[in-house]
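Residue-level listing of the chains:
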Amino acid sequence: MPARIIDGKAAAAELRRRVAMEVARLGQDHGLAPGLAVVLVGADAASQVYVRHKARQTVAAGMRSFAHQLAADTSEAELLALIARLNADASVDGILVQLPLPKQIEAAKVISAIAPAKDVDGFHPINVGRLAIGQEALVPCTPLGVMLLVKGVRADLAGLEAVVIGRSNIVGKPVAQLLLAASCTVTIAHSRTHDLPAVARRADILVAAAGKPDMVRGDWIKPGAIVIDVGINRVPTPDGKARLVGDVAFAEAREVASAITPVPGGVGPMTIACLLCNTIKAAASARDLAVSI
Ligand code: NAP
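Just so we're clear, the structure is a prediction, and the values are computed from it rather than from any experiment. (Residues numbered from 1 in each chain as written. Predicted model: local features only at pLDDT ≥ 70, side-chain atom pairs only at ≥ 80, totals over all residues. Heavy atoms only, no water.)

1. Let's talk about the overall build of the protein chain
Across its full length, the protein chain carries ten helices and eleven strands. Since a compact globule built from 293 residues should have a radius of gyration of about 19 Å, the 19 Å found for the protein chain is in line with a globular shape. For the C-alpha atoms alone, the extent of the protein chain along its principal axes is close to 50 × 45 × 35 Å. Burial status across the protein chain gives 45% buried among its 293 residues. A sequence separation of at least 24 residues applies to 68% of the contacts in the protein chain between residues at least 6 apart. (Helix = DSSP H or I, 4+ residues; strand = E, 2+ residues; numbered from the N terminus. Rg over C-alpha atoms; globule rule 2.2 N^0.38 Å. Buried < 20%, exposed > 50% of the residue type's maximum accessible area, 1.4 Å probe, protein only. Contact = heavy atoms within 4.5 Å.)

2. Notes on the nonpolar core
If you look at the biggest cluster of nonpolar residues, it comprises 52 residues, and the most contacted ones within it are Leu 157, Leu 179, Ile 205, Val 207 and Ile 228. Here this core gets nine residues from one element, more than from any other, and that element is helix H10 (residues 268-286). When neighbours within four sequence positions are excluded, Ile 205 is seen to be in contact with Val 150, Leu 157, Leu 160, Glu 161, Ala 162, Val 163, Leu 179, Cys 184 and Ile 226. Of all hydrophobic cores here, the second largest spans 19 residues; its members include Val 163, Leu 196, Val 199 and Ala 200. (Core = buried A, V, L, I, M, F, W, Y, C linked by side-chain atoms within 4.5 Å.)

3. Observations regarding the site of the ligand
By nearness alone, 22 residues border the ligand, and Arg 167, Ser 168, Ser 191, Ile 232 and Thr 271 come closest of all. Between an oxygen atom of the ligand and a side-chain N or O atom of Arg 167, the distance comes to 2.7 Å. Here a nitrogen atom of the ligand sits 3.5 Å away from a polar atom, N or O, in the main chain of His 190. Protein coverage of the free-state accessible area of the ligand, which is 920 Å², stands at 69%. (Near = heavy atom within 4 Å. Polar contact = N/O pair within 3.5 Å; in protein donor to acceptor, adjacent residues only side chain to side chain. Areas by Shrake-Rupley, 256 points an atom, 1.4 Å probe, with all protein chains shown as cover.)

4. What to know about the state of the cysteines
All chains considered together, the criterion is met by zero disulfides. Here Cys 274 is not cross-linked by a disulfide; its sulfur's nearest cysteine counterpart is in Cys 277, at 5.7 Å. Overall, the relative accessible area of 0% leaves Cys 274 in the buried class. Take Cys 277: its relative accessible area is 3%, and that puts it in the buried class. (Disulfide = S-S within 2.5 Å.)

5. As for helix H1 (residues 8-30)
Under the 1.5 Å per step criterion, the end-to-end length of H1 is 32 Å for 23 residues, consistent within 8% with the ideal 33 Å. Every buried residue of H1 is accounted for by Gly 8, Ala 12, Leu 15, Val 19, Glu 22, Val 23 and Leu 26. Contacts from the buried residues of H1 go to helix H6 (141-153) and H10. One side-chain oxygen at the N-terminal end of H1 lies 3.1 Å from the backbone nitrogen of Lys 9; it belongs to Asp 7. Looking one or two places after H1, you find Gly 31, whose phi comes out positive at around 65 degrees. (Expected span 1.5 Å × (residues − 1).)

6. Focus on the sheet that holds strand S6 (residues 185-189)
Read from one edge to the other, the open sheet built from six strands follows the order S1-S11-S8-S7-S5-S6, with strand pairing classed as parallel. Sheet topology places strand S1 (4-5) and S6 at the edges, where each strand pairs with a single neighbour. With respect to the sheet, H6 is in contact with S1, strand S7 (205-208), strand S8 (226-229) and strand S11 (259-260), its orientation differing from that of S8 by roughly 155 degrees. Packing against the sheet, helix H7 (residues 172-181) makes contact with strand S5 (161-165), S6 and S7, and its axis sits at approximately 170 degrees to S5. (Pairing = 2+ DSSP bridges. Axes fitted to C-alpha atoms, helices over the stretch in contact; angles between N-to-C directions.)

7. Things to note about the packing of H1 against H10
At their nearest, the axes of H1 and H10 sit 8 Å apart, and the two run at 20 degrees to each other. In terms of their interaxial angle, H1 and H10 are classed as roughly parallel. H1 and H10 meet at a crossing whose hand is left-handed. Contact with H1, carried on its side by Gly 8, Lys 9, Ala 11, Ala 12, Leu 15, Arg 16, Val 19, Glu 22, Val 23 and Leu 26, involves Pro 269, Met 270, Ala 273, Cys 274, Leu 276, Cys 277 and Ile 280 of H10 and no other residues of that element. When its residues are assigned to classes, the contact of H1 with H10 shows 13 nonpolar, one polar and three charged. (Parallel < 35°, antiparallel > 145°, perpendicular 65-115°, else oblique. Left-handed = near helix turned anticlockwise from the far one by under 90°. Nonpolar A, V, L, I, M, F, W, Y, C, P; charged D, E, K, R; others polar.)

8. Regarding the side chain of Glu 76
Tracing the chain through its elements places Glu 76 in helix H3 (residues 76-88). For Glu 76, the side chain forms a polar contact with the side chain of Lys 109, separated by 2.9 Å. Once residues lying within four places of it in the same chain are set aside, the contact partners of Glu 76 are Gln 104, Ile 105, Glu 106 and Lys 109.

9. A short note on the layout of surface pockets
In this structure, the largest pocket spans a volume of roughly 1500 Å³. Taken together, 45 residues line the largest pocket, and the ones lying closest to its centre are Tyr 50, Thr 142, Ile 232, Gly 268 and Thr 271. Secondary-structure elements contributing two or more residues to the lining of the largest pocket are H1, helix H2 (45-60), strand S4 (94-97), H6, strand S9 (233-236) and H10. Per-element tally for the lining of the largest pocket: the top contributor is H2, with seven residues. Residue classes in the lining of the largest pocket are distributed as 25 nonpolar, 13 polar and seven charged. By volume, the second largest pocket amounts to about 480 Å³. What lines the second largest pocket is a set of 20 residues, and nearest its centre among them are Ala 137, Val 139, Leu 144, Leu 178 and Lys 281. Among the elements of the structure, H1, H6, H7 and H10 are those that each provide at least two residues to the lining of the second largest pocket. In terms of residue count, H6 provides more of the lining of the second largest pocket than any other element does, four residues in total. Residues belonging to the lining of the second largest pocket are distributed by class as follows: 13 nonpolar, three polar and four charged. (1 Å grid on protein atoms, 1.4 Å probe; cavity = no way out; pocket = protein on both sides within 12 Å on 5 of 7 lines; lining within 4 Å. Points joined across faces, edges and corners; volume = space filled by probe spheres on them.)

This is the structure in structure tokens:
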């Protein structure tokens, strides 16, 4: 039987609905309106689209959105000065600096300058460290989305073999930490891994985050596995246009897996929904309030 298709669009819509309900409750009970500041440096077309989507969905959830569009030649010092102002601004609960940054700006320095309590991307070393040692942390949005989708298929992951293909700081490593925290036995594979198909075939949960179109074939998948495809790859079509494909050869994989995310419509929509989640959590936690999402 072909795998169940995990509907990330529906899961994201449900998550946004729950965030909006909590925002309304916090507004009513505590007069709180969470605010998210998104900083974009330069005019990268893809980044502009992401930032617009983030702003629209923030407002749709009842939160405040503060957009900061800076020129491509903005200096590192100017960006750090803006971050310092946002850190000190009580109406800003979450700060997100859209990556990549122009080459004159060191991303690691900027990320480290964001107050950890407002670091809704979860990239600050303090949040990365807290996640690693099992403390309450702001967790990167795409990995959070991956976990919500996996848990939507199977609530208890304890003892399962999980293989994550990719070891980036924004996807692979935090996904692996979250799977470990859920008591999976975790393998992180990467470009130097020997016999990747054999490693992948061990997985009850296979997360592909390599950025290689259709790399994971049907015969890399253990029968019945849950397959989460994080990859977003633009490949040219014969008519000169482009289409989005994941890292997993979907049609083949669907015949073997028990549940699988499509691309588009899988992990992608979860990312912004999880950003909204992190923003309301940051707002509540700054005031010692609880949120249930
Ligand atoms: P990245 O920083 O380029 O990292 C890719 C990782 O994959 C690296 O660890 C690399 O290994 C590994 N890799 C590359 N080729 C491989 C191969 N042939 N075999 C095994 N491992 C290989 O990418 P990323 O930022 O993590 O993103 C990964 C994918 O997810 C991309 O397609 C990206 O567009 C997508 N993405 C989607 C979302 C979303 O859905 N919202 C968010 C973020 C990213 P090495 O470390 O050895 O080089």
